[in-house]
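The chain contents come next:
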Amino acid sequence: MSDQWPPQHPVPRPWPGPPGVYGPPPFQEVSAGYRRWARVLLWLAIALAVLIVVAFVASIVLLVKADADVDNAAYGYLALFLWFGITAAVPVLLGLGVPAIVMTRRVRQQERLGHGAVYRGF
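Parameters at a glance
Residues numbered from 1 in each chain as written. Predicted model: local features only at pLDDT ≥ 70, side-chain atom pairs only at ≥ 80, totals over all residues. Heavy atoms only, no water. Core = buried A, V, L, I, M, F, W, Y, C linked by side-chain atoms within 4.5 Å. Buried < 20%, exposed > 50% of the residue type's maximum accessible area, 1.4 Å probe, protein only. Contact = heavy atoms within 4.5 Å. Phe/Tyr/Trp six-rings, centres within 6.5 Å; stacked < 30°, edge-to-face > 60°. Lys NZ or Arg CZ within 6 Å of the ring centre and 35° of its normal. Helix = DSSP H or I, 4+ residues; strand = E, 2+ residues; numbered from the N terminus. Expected span 1.5 Å × (residues − 1). Bend = angle between axes of the 7 residues up to and from the residue. Axes fitted to C-alpha atoms, helices over the stretch in contact; angles between N-to-C directions. Parallel < 35°, antiparallel > 145°, perpendicular 65-115°, else oblique. Left-handed = near helix turned anticlockwise from the far one by under 90°. Nonpolar A, V, L, I, M, F, W, Y, C, P; charged D, E, K, R; others polar.

## Considerations on the nonpolar core
- Among the nonpolar cores identified, the biggest contains 13 residues, and Leu 41, Leu 48, Ile 52 and Leu 96 are the most heavily contacted of them.
- Filtering out sequence-adjacent residues up to four positions away, Ile 52 remains in contact with Ile 86, Ala 89, Val 90 and Leu 93.

This is the structure we're talking about:
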């Protein structure tokens with residue numbers, strides 16, 4: 001019989017830190033597909049925001065043109081339809097923008113901490 005003891009392996013704990021204290025959750029790496037979708041959602045939200053601003057400016061121009069002459073009253077109705085479009089597009093903008101911002105923050109946090117590969121572009 002040998003005088004050596006078998007190697008002692010520490011008991012793995014699910015969370016880092018002393019026993020009985022909650023530690024931070026383990027790091028979850030962000031995939032390349034996640035980064036790609038973060039950029040796609042962000043650019044879609046930016047494009048929709050630009051379209052909303054253009055529609056708002058166009059509606060103001062149409063209202064001014066409709067107010068200038070009685071024969072151009074139809075432009076006021078076009079401005080009204082643009083406002084309906086803007087009203088319908090705002091929830092879509094929020095649905096695209098909020099997840100895009102959250103996902104982009106998570107990707108940037110991962111890059112800042114140095115976890116995973118740095119992703120640039122598509």
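This is not the end of the story, as more comes after the structure.
## Thoughts on the packing of aromatic side chains
- Following the criterion strictly, the structure yields 0 aromatic pairs and no others.
- In this arrangement the basic side chain of Arg 106 is found over the ring face of Tyr 34, its NZ or CZ atom lying 5.1 Å from the centre.

## Regarding the environment of Ile 52
- Residue position: Ile 52 is located in helix H1 (residues 32–68).
- For Ile 52, a relative accessible area of 14% corresponds to the buried category.
- Ile 52 sits 38 residues away from Val 90 along the chain, and the two C-alpha atoms are 8.2 Å apart.

## A few points about helix H2 (residues 74–113)
- Taking 1.5 Å per residue, 40 residues should reach 58 Å; H2 reaches 57 Å between its end C-alpha atoms and fits that length.
- A maximum bend of about 30° is found in H2 at Ala 89, where proline Pro 91 lies one to four positions downstream.
- Taken together, the buried positions of H2 are occupied by Gly 76, Ala 79, Ile 86, Ala 89, Leu 96, Gly 97, Ala 100, Met 103, Thr 104, Val 107 and Gln 110.
- For H2, the elements touching its buried residues are H1.

## Concerning the packing of H1 against H2
- Running from N to C, H1 and H2 point in directions that differ by 155°, and their axes come no closer than 7 Å. Taken together, the axis directions place H1 and H2 in an arrangement best described as roughly antiparallel. Between H1 and H2 the crossing geometry is left-handed.
- Within the contact of H1 with H2, the residues separate by chemical class into 31 nonpolar, 5 polar and 3 charged.

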